Amino acid sequence: MNSRLGSVLLSLLMSASVMAGEYNLTVDRVEIDTGDFVKDGIGYNGASPGPVMRFKEGENVKINVTNNLDEMTSIHWHGLILPFDQDGVPGISFPGIKPGETFTYEFPIQQAGTYWFHSHSGFQEPDGAYGSIVIEPEGREPFRYDREYVVQLTDKHPHSGDRIMRNLKMMPDYYNREQQTVGEFFSDVSKNGLMNTVRDRMAWGDMRMMKADVEDLQGFTGLINGKGPDQNWTGLFEPGERIRLRFINSSAMTYFDIRIPGLDMTVVQADGNNVQPVSVDEFRIGVAETYDVIVRPKGEQAYTIFAESMGRSGYARATLAPEEGMEALVPQLREPARLTMADMGGMSGMDHGDMDMNSSEGMSGMDHSSMEGMDHANMSNMDHSNMKGMDHSGTSGMDHGSMAMGKEGPSDPFYAKGSGLVPTAANGGKFLSYADLKAQDPLYEDREPTREIELRLTGNMERYTWSINGVKYEDADPIRLKYGERVRFKFVNETMMTHPMHLHGMWSILDVGADQWNPIKHTVSVQPGTTVYMETEVDAPGQWAFHCHLSYHAAAGMFRKVIVEGGPESTQAKTDVIAKDGGEV
Amino acid sequence: MSCIRSIVAVSFLASIGVSTAVTAQEMISDTTARKQPLTTWGVQLEEFEYRYSDDDEELGVWNADAFYGTDEFKVRLLTTGEYEIEEQAYETLENQLVGQIPISKFFDAKAGVRFDTPEGPDRTYAVLGVAGLAPQWFEIDANLYVSKDGDTSAELDAEYELLLTNYWILAATLDATVAFSEDREIGVGKGLVSTETGLRLSYDLIDRAFSPYVGVVHERKYGDSADFAEADGGSTADWFAVIGARIAL
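Conventions used here
Residues numbered from 1 in each chain as written. Chains lettered and ligands numbered in written order. Predicted model: local features only at pLDDT ≥ 70, side-chain atom pairs only at ≥ 80, totals over all residues. Heavy atoms only, no water. Helix = DSSP H or I, 4+ residues; strand = E, 2+ residues; numbered from the N terminus. Buried < 20%, exposed > 50% of the residue type's maximum accessible area, 1.4 Å probe, protein only. Contact = heavy atoms within 4.5 Å. Areas by Shrake-Rupley, 256 points an atom, 1.4 Å probe, with all protein chains shown as cover. Pairing = 2+ DSSP bridges. Axes fitted to C-alpha atoms, helices over the stretch in contact; angles between N-to-C directions. Patch = residues over 30% accessible without salt bridge, like charges linked within 9 Å, V, L, I, M, F, W, Y side chains within 5 Å. Salt bridge = Lys/Arg side-chain N within 4 Å of Asp/Glu carboxyl O. Core = buried A, V, L, I, M, F, W, Y, C linked by side-chain atoms within 4.5 Å. 1 Å grid on protein atoms, 1.4 Å probe; cavity = no way out; pocket = protein on both sides within 12 Å on 5 of 7 lines; lining within 4 Å. Points joined across faces, edges and corners; volume = space filled by probe spheres on them. Nonpolar A, V, L, I, M, F, W, Y, C, P; charged D, E, K, R; others polar. Phe/Tyr/Trp six-rings, centres within 6.5 Å; stacked < 30°, edge-to-face > 60°. Lys, Arg positive; Asp, Glu negative; His and termini not counted. Charge placed at Lys NZ, Arg CZ, Asp CG, Glu CD. Expected span 1.5 Å × (residues − 1). pLDDT = per-residue confidence, 0-100. Parallel < 35°, antiparallel > 145°, perpendicular 65-115°, else oblique. Left-handed = near helix turned anticlockwise from the far one by under 90°.

## Quick word on the overall build of chain B
Step number 1: Broken down by element type, chain B carries three helices and 12 strands.
Step number 2: The burial tally for chain B puts 45% of its 249 residues in the buried class.
Step number 3: Relative to all contacts within chain B whose residues are 6 or more apart in sequence, the contacts with residues 24 or more apart total 44%.
Step number 4: When the accessible surface of chain B is summed, it comes to about 12400 Å², and 62% of that surface belongs to carbon and sulfur atoms.

Next up, the structure:
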């Protein structure tokens, strides 16, 4: 780490001897063939996904981006630490790249790991404008591998992003084909009894919320490196080799649960930063997150990389094989997830025991009181229980391959207690939790945060409005931070959907209760009915985007501008004065 | 120890790497579409159907709306018509133009004008209404109408969708009209005027954009309105078999 930063420093100081790479990207109209359907989309250098950009830590990169579209475009380098005017968000970093224009990005590479890039204009990213970034570290990595592959996932939908947004605005359940039916009513009756089932349906009906509201956007084909399940992207290996798989979730809306039946996966990196290795059978990758895992297939056989969507409405599939053309069994999709009252957050207090069995009187009582007040009041309870849960896993428990299925079902401190979304491994083994992520080499000194900022994640599914603290981006003031402070962000998810929150330009140190070993991320998933904390060392001046990375949530208003005030600008001014006065800089 | 040094290094890095950028690049203000209210539109034909009555009457019927606007304000055009195929005449033809704003989590208020231009006398009304989603998933649309001559009436529309599967949907609808004053010319008596109840079984063939259906509709007139209808030689209760499609653009 020291040598890493030191050498970056050195290379910057002696700019003459600095490595400098020049790269070219064109933004093009492309055709995307998923095997299920063919559609027009947007890509880079003539293809979607775009190329793997390979950089070296310490390098100064110069990237010429030529816009061959007839509309504005932009490229955001997701997770890269860089000057704010190189961050690629139109209206925040820069005006954008006009049709026919070439914009040259120039910034130093100050980190290593797996990242990605995508357009930050309109719905170009869901339409195909994304690619991956692999940065080779200057020093040695704390793990070994013989071979590596980028495994970039997306949820390719036959509809264009604009059309999807409009349909969701018109009918929020437009794409939801996992809703509760008459058939499910009767199967619930035989499982839970008639009265319990009726009460459950009434309780949800009273709130006008759907237990099936896990995925807004269904009907997609999961792609891995641009290939649909039938096209079966295949990575070759020699038996016994260690393979590093760089998983990147470039989906517009879809969380994936990933497993490779027959192989243990050792997670070594999350969001580009090394973590203390943890061996898992399966993990959930949020939208915009990356996870690097190492697998070691020993047999002369094929293995399926199976990525089921969180709501089980679709999947992506690829293969690791010793030879091209070999295939392994593709598992069936599991049953669709159902939200519980715990995921409503506000209800969690009443939720213990037989969750659905509140009296309907009680429920309608809740309904009359304003939703907002209700959530608030109960949220604080939530929060406490949640923190306790988190601390617990931080100190003990979690190493015992825990998060086990108890009598009360599976649990994970980053999901509401009794949540219907808690993932379990298909083989009954270990499912990765945020609580398992520990930084390998912390980037920052662990210190007390200077202040806390509460961000309630809010929305109204029936209107398809999404906001922060009840305010959409269009009506919101920027969040102002001061250079040099350490801010503790408190995310309170008051919606029934999962939100992957992404702060540009500065690291998100996710509080998993591991203090100085808290993992360093760029995207933090906040599950329904939970409170999650992250801390940020405010070390990057300028203005930055901060938003939910679900494309249609961000576009609907779950988005903020962050302004970092002060910092090197004033340092610069001061040094100027000193320089003028002939002082030593 | 290494961490502390990192901070120094990072801030130092920032100071040399970024400072020029900050001074060189103004912090621009966001004038992109993202900072503007999201404008959207939609067109829905809830009913677009052929009706065949127990009196061998044949009707072409539609019930549609189109909107354009933001979360805060939408303009909505609602149109309903019943076309008598044999007589080539509109039994009903209502067009409404309303502005719509949210008033609660699940309900909107509407205000605007309604023009009725069927075969026979025309009418113009001012419209005030609420529309939204009631508990237990009932879609509600309730309107108050005041005609140019001061006649007032109210109309309640309710719909419930039962999901037999995620593609086969049974929709029950109820439409009831009450008049607070008589308008003999158009056959409206004081009190409950009429109801239309329907049951339609649809299948989502193309997304939710095209969903063919079959169903039954029962129309009935009450009280003075029924007497007026009889006096005019019309019927007071009709059963229809319907076939059509729900369409969303």
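## Points about the sheet that holds strand S14 (residues 265–270) of chain A
Residue and element names in this part refer to chain A.
Step number 1: Pairing is mixed in the open sheet, where six strands are placed in the order S10-S9-S12-S17-S14-S15. One side of each edge strand has no neighbouring strand; the edge strands of this open sheet are strand S10 (221–224) and strand S15 (273–280). Each strand of the sheet is rotated relative to its neighbour by a mean of 25 degrees, with strand direction disregarded.
Step number 2: Relative to strand S17 (residues 290–295), S14 runs antiparallel, the two sharing four bridges. Looking at the pairing, Ala270 lines up with Tyr291 of S17.

## Thoughts on a nonpolar patch on the surface
Residue and element names in this part refer to chain B.
Step number 1: Judged by side-chain polarity, Phe73, Val75, Leu77, Leu97, Ile101, Ile103, Val113, Phe115 and Val130 come together as a nonpolar surface patch covering roughly 720 Å² of accessible area.
Step number 2: Contributions of two or more residues to the nonpolar patch are made by strand S3 (74–84), strand S4 (89–102) and strand S5 (107–116).
Step number 3: Its place among the elements puts Ile103 in the loop between S4 and S5.

## Quick notes on the nonpolar core
Step number 1: Judged by nonpolar contacts, the single largest core of 140 residues is most densely connected at Ile63, Trp77 and Leu245 of chain A.
Step number 2: Beyond its immediate sequence surroundings of up to four residues, Trp77 of chain A is in contact with Leu25, Ile63, Leu82, Gln86, Asp87, Tyr105, Phe107, Trp116, Phe117 and Ile133 of chain A.

## Description of empty space enclosed by the protein
Residues and elements named next belong to chain A.
Step number 1: Under the criterion given, the structure shown has nine cavities of 30 Å³ or more.
Step number 2: Of the voids in this model, the second largest cavity is the one considered here, and its volume is about 160 Å³.
Step number 3: The wall of the second largest cavity is formed by 15 residues, among which Arg284, Tyr415, Leu432, Tyr434 and Gln527 lie closest to the centre.
Step number 4: Here the residues of the lining of the second largest cavity sort into eight nonpolar, four polar and three charged.

## Considerations on the environment of Pro49 of chain A
All names here are of chain A.
Step number 1: Inspection of the secondary structure puts Pro49 in the loop between strand S2 (38–44) and strand S3 (52–56).
Step number 2: Considered as a pair, Pro49 and His118 are 69 residues apart in the sequence and their alpha carbons are 9.6 Å apart.
Step number 3: What Pro49 contacts, discounting residues up to four positions off in sequence, is Tyr130, Gln152, Asn225 and Gly226.

## Observations regarding the sheet that holds strand S23 (residues 486–493) of chain A
All names here are of chain A.
Step number 1: Taken in spatial order, the six strands line up as S21-S20-S23-S28-S25-S26 in an open sheet, and their pairing is mixed. Strands at the two margins of the open sheet, each flanked by one partner only, are strand S21 (465–468) and strand S26 (520–521).
Step number 2: The pairing of strand S20 (residues 451–460) with S23 spans seven bridges and is parallel. Bridge pairing in S23 places Arg451 opposite Val487.

## Some points on the pairing of S3 of chain B
Residues and elements named next belong to chain B.
Step number 1: Sheet analysis places strand S2 (residues 58–69) next to S3, joined by 11 bridges and oriented antiparallel. Counted as the bridge partner of Trp62 is Gly81 from S3.
Step number 2: From the end of S2 to the start of S3, which pair antiparallel, there are four residues.
Step number 3: Hairpin remark: S3 followed by S4, antiparallel, with four residues in the connecting loop; positive phi at Gln88, about 50 degrees.

## With respect to the packing of aromatic side chains
Step number 1: Applying the stated criterion across every chain yields a total of 30 aromatic pairs over all chains.
Step number 2: Between Tyr473 of chain A and Phe559 of chain A, the ring centres sit 4.7 Å apart and the planes meet at 55 degrees, which makes this aromatic pair tilted. Linking Tyr473 of chain A in the loop between S21 and strand S22 (479–482) with Phe559 of chain A in strand S30 (residues 559–565), this pair joins segments that are 86 residues apart in sequence. Both residues of the pair, Tyr473 of chain A and Phe559 of chain A, belong to the buried class.
Step number 3: Ring geometry for Tyr167 of chain B against Tyr203 of chain B: centres 6.2 Å apart, planes inclined by 35 degrees, an arrangement best described as tilted.

## Describing a negative patch on the surface
Step number 1: Judged by side-chain charge, Asp54, Asp55, Asp56, Glu86, Glu87, Glu91 and Glu119 of chain B come together as a negatively charged surface patch.
Step number 2: Examined against the element boundaries, Asp54 of chain B turns out to sit in the loop between strand S1 (40–53) and S2.

## Focus: helix H4 (residues 194–207) of chain A
All names here are of chain A.
Step number 1: Taking 1.5 Å of rise per residue, 14 residues should cover 20 Å, and H4 covers 20 Å from first to last C-alpha, within 8% of that figure.
Step number 2: All of the buried residues along H4 are Thr197, Asp200, Arg201, Ala203, Trp204, Gly205, Asp206 and Met207.
Step number 3: Positive backbone phi, approximately 55 degrees, marks Arg208, located one or two places after H4.

## Structural notes on unusual backbone geometry
Residues and elements named next belong to chain A.
Step number 1: Here the residue pair Ser48 and Pro49 is connected by a cis peptide bond, since its omega of 0 degrees sits within 30 degrees of zero.
Step number 2: Within the chain, Asn225 stands out as a residue other than glycine whose phi angle is a positive 50 degrees.
Step number 3: Position of Asn225 among the secondary structure elements: in the loop between S10 and strand S11 (233–236).
Step number 4: Phi is positive for Ala288, close to 85 degrees, though the residue is something other than glycine.
Step number 5: Following the sequence through the fold, Ala288 ends up in the loop between strand S16 (282–285) and S17.

## Examining the confidence of the model for chain B
Step number 1: Looking at chain B as a whole, its pLDDT mean stands at 91, while 90% of the residues score no less than 70.
Step number 2: Predicted confidence is poor over residues 1–24 of chain B, with pLDDT under 50, and the contacts of this stretch with residues over four places away or in other chains come to 43 contacts.

## Digging into the packing of helix H3 (residues 182–192) of chain A against H4 of chain A
Between two packed helices, both the angle of their axes relative to each other and the distance between the axes serve to describe the pair.
All names here are of chain A.
Step number 1: Packing of H3 against H4 leaves a shortest axis separation of 7 Å and a crossing angle of 130 degrees. Between H3 and H4, the interaxial angle falls into the category oblique. Where H3 crosses over H4, the handedness of that crossing is right-handed. Seen from H3, the contacting residues are Glu184, Phe185, Asp188, Val189 and Asn192; seen from H4, they are Leu194, Asn196, Thr197, Val198 and Arg201.
Step number 2: Its residues placed into classes, the contact of H3 with H4 shows four nonpolar, three polar and three charged.

## Describing helix H2 (residues 161–170) of chain A
Step number 1: In terms of burial, H2 of chain A is largely enclosed, as eight of its 10 residues are buried.
Step number 2: Every buried residue of H2 of chain A is accounted for by Gly161, Ile164, Met165, Arg166, Asn167, Leu168, Lys169 and Met170 of chain A.
Step number 3: Its buried side turned inward, H2 of chain A meets S21 and helix H7 (551–556) of chain A together with S1, S2 and strand S12 (237–248) of chain B.

## Comments concerning the pairing of S2 of chain B
All names here are of chain B.
Step number 1: Both S1 and S2 contribute to a ladder of 12 bridges, which runs antiparallel. When the sheet's bridge partners are listed, Tyr50 is paired in S2 with Gly60.
Step number 2: Between S1 and S2, which pair antiparallel one after the other, the connecting turn spans four residues, and Asp56 there sits at a positive phi close to 65 degrees.

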